[in-house]
Amino acid sequence: MNLRPPRVKGLGLVAWLAGILFFLPIAWMVLTSFHSEESAATNPPSFAASLTLDGYRDFFGTAGGASPWPALVNSTVASLASTLFVLVLALPAAYALSIRPVKKWTDVLFFFLSTKMLPVVAGLLPIYLFAKNTGMLDNIWLLVILYTSMNLPIAVWMMQSFLAEVPIAVIEAARIDGARLPTLLARVVAPIAMPGIGATALICFIFSWNELLFARVLSGVVAQTAPVFLTGFITSQGLFLAKVCAASLVISLPVLAAGFAAQDKLVQGLSLGAVK
């Protein structure tokens, strides 16, 4: 016997409809990626068109085009390295703001968050001139530094709330046993706050992987990332829709795989502290 009130059923139906609505563009992109360019360009679109792997062959360069592997490797290096650096820097900063007594810690957190309010394009010219004068244009490590600095404020903000849930008694017991700060962070604080750290790492990875503006302006051939490589399919000859959909799906797979693998950590981390 179903005892749920009609209002709850209605909200569930609305949630399902919203989920299907958000999923439809992704499903359409996947279907279009298996069509030929002629079928993908038809208006209205043909759902019964024959399927082919030509879009994926063109993306991976088997038809004579540029290979996407250098761009995918660059995106992987930039995203993973910047996420690692962010975690290493954000953990002690969040520890100082949440566990150690700091005066006006809310002002500090607001300052961190306010740095994300600056339009990215406003800092593009100074960074470009700096990279040009220091010879770091088209250098993947410049992107690593930029992504680290861009994601660090939001990482400190998130991890501060996560570390605030770490029991003080556990930390005090570790101090009595002689644990120094590096040991305290690595063996006591980090394991307890691992869901929050996982959620922070996943968000920083996604932000770094999807970043386009700085990568487009500051990279050329050597440091080209996957989103920049994707924009190369939009040429003056037209928009190759099937090829773009295939490339978009392949480039989205690492983010989707990371989100699926860490979904339990993400849910635990984002809900940490929500229920007392």
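In the block above lies the structure referred to throughout.
Residues numbered from 1 in each chain as written. Predicted model: local features only at pLDDT ≥ 70, side-chain atom pairs only at ≥ 80, totals over all residues. Heavy atoms only, no water.

So, on to the overall build of the chain. Counting its regular elements, the chain contains 14 helices and two strands. Among the 276 residues that make up the chain, the fraction classed as buried is 37%. Approximately 16300 Å² of the chain is accessible, and the part contributed by carbon and sulfur atoms is 71%. (Helix = DSSP H or I, 4+ residues; strand = E, 2+ residues; numbered from the N terminus. Buried < 20%, exposed > 50% of the residue type's maximum accessible area, 1.4 Å probe, protein only. Areas by Shrake-Rupley, 256 points an atom, 1.4 Å probe, with all protein chains shown as cover.)

This part takes up the packing of helix α8 (residues 168-176) against helix α9 (residues 181-192). The N-to-C vectors of α8 and α9 enclose an angle of 160 degrees; their axes lie 11 Å apart at closest approach. Here α8 lies roughly antiparallel to α9, going by the angle between them. Crossing of α8 over α9 shows right-handed handedness. Residues Val170, Ile171, Ala174 and Arg175 of α8 touch α9, and the partners they reach there are Leu184, Val188, Val189 and Ile192. Here the residues of the contact of α8 with α9 sort into seven nonpolar, no polar and one charged. (Axes fitted to C-alpha atoms, helices over the stretch in contact; angles between N-to-C directions. Parallel < 35°, antiparallel > 145°, perpendicular 65-115°, else oblique. Left-handed = near helix turned anticlockwise from the far one by under 90°. Contact = heavy atoms within 4.5 Å. Nonpolar A, V, L, I, M, F, W, Y, C, P; charged D, E, K, R; others polar.)

Counting residues in hydrophobic clusters, the biggest one holds 29 residues, and the most contacted among them are Leu91, Tyr95, Met159, Leu163 and Val189. Looking at this core, the elements with two or more residues in it are α4 (69-98), α7 (140-163), α8, α9 and α10 (194-210). Counting 19 residues, the second largest nonpolar core, distinct from the first, contains Val244, Ala246, Val250 and Val255. (Core = buried A, V, L, I, M, F, W, Y, C linked by side-chain atoms within 4.5 Å.)

Let us now look at the packing of aromatic side chains. Here the structure, examined in full by the defined rule, presents five aromatic pairs. Ring geometry for phenylalanine 59 against phenylalanine 60: centres 5.0 Å apart, planes inclined by 75 degrees, an arrangement best described as edge-to-face. Classification of phenylalanine 59 as buried rests on a relative accessible area of 0%. An aromatic cluster is built from Phe59, Phe60, Trp69 and Phe229, whose rings are joined through pairwise contacts. (Phe/Tyr/Trp six-rings, centres within 6.5 Å; stacked < 30°, edge-to-face > 60°.)

Let us now look at the pattern of salt bridges. All told, the structure shown has two salt bridges when counted by the stated rule. Ionic pairing is found between arginine 57 and aspartate 54, a salt bridge with its closest N-O pair at 2.8 Å. In this pair, arginine 57 and aspartate 54 are both assigned in helix α3 (residues 54-59), three residues apart and thus about one turn of the helix distant. Note on arginine 57: relative accessible area 42%, which makes it partly exposed. (Salt bridge = Lys/Arg side-chain N within 4 Å of Asp/Glu carboxyl O.)

This part is about the layout of surface pockets. Considering only enclosed or pocket space, the largest pocket measures out at about 320 Å³ in volume. Thr115, Lys116, Leu118, Pro119, Val120, Gly123, Ile127, Leu146, Ser149, Met150, Pro153 and Phe214 are the residues that line the largest pocket. With four residues, α7 is the single largest residue contributor to the lining of the largest pocket. Looking at side-chain class alone, the lining of the largest pocket contains eight nonpolar, three polar and one charged residues. (1 Å grid on protein atoms, 1.4 Å probe; cavity = no way out; pocket = protein on both sides within 12 Å on 5 of 7 lines; lining within 4 Å. Points joined across faces, edges and corners; volume = space filled by probe spheres on them.)

To continue, consider a nonpolar patch on the surface. On the surface, Val73, Val77, Leu84, Phe85, Val88 and Trp141 cluster together into a nonpolar patch covering about 560 Å² of accessible area. Looking at the nonpolar patch, the element that brings in the most residues is α4, giving five residues. Its location among the elements puts valine 73 in helix α4. The partly exposed category is assigned to valine 73, whose relative accessible area is 47%. (Patch = residues over 30% accessible without salt bridge, like charges linked within 9 Å, V, L, I, M, F, W, Y side chains within 5 Å.)

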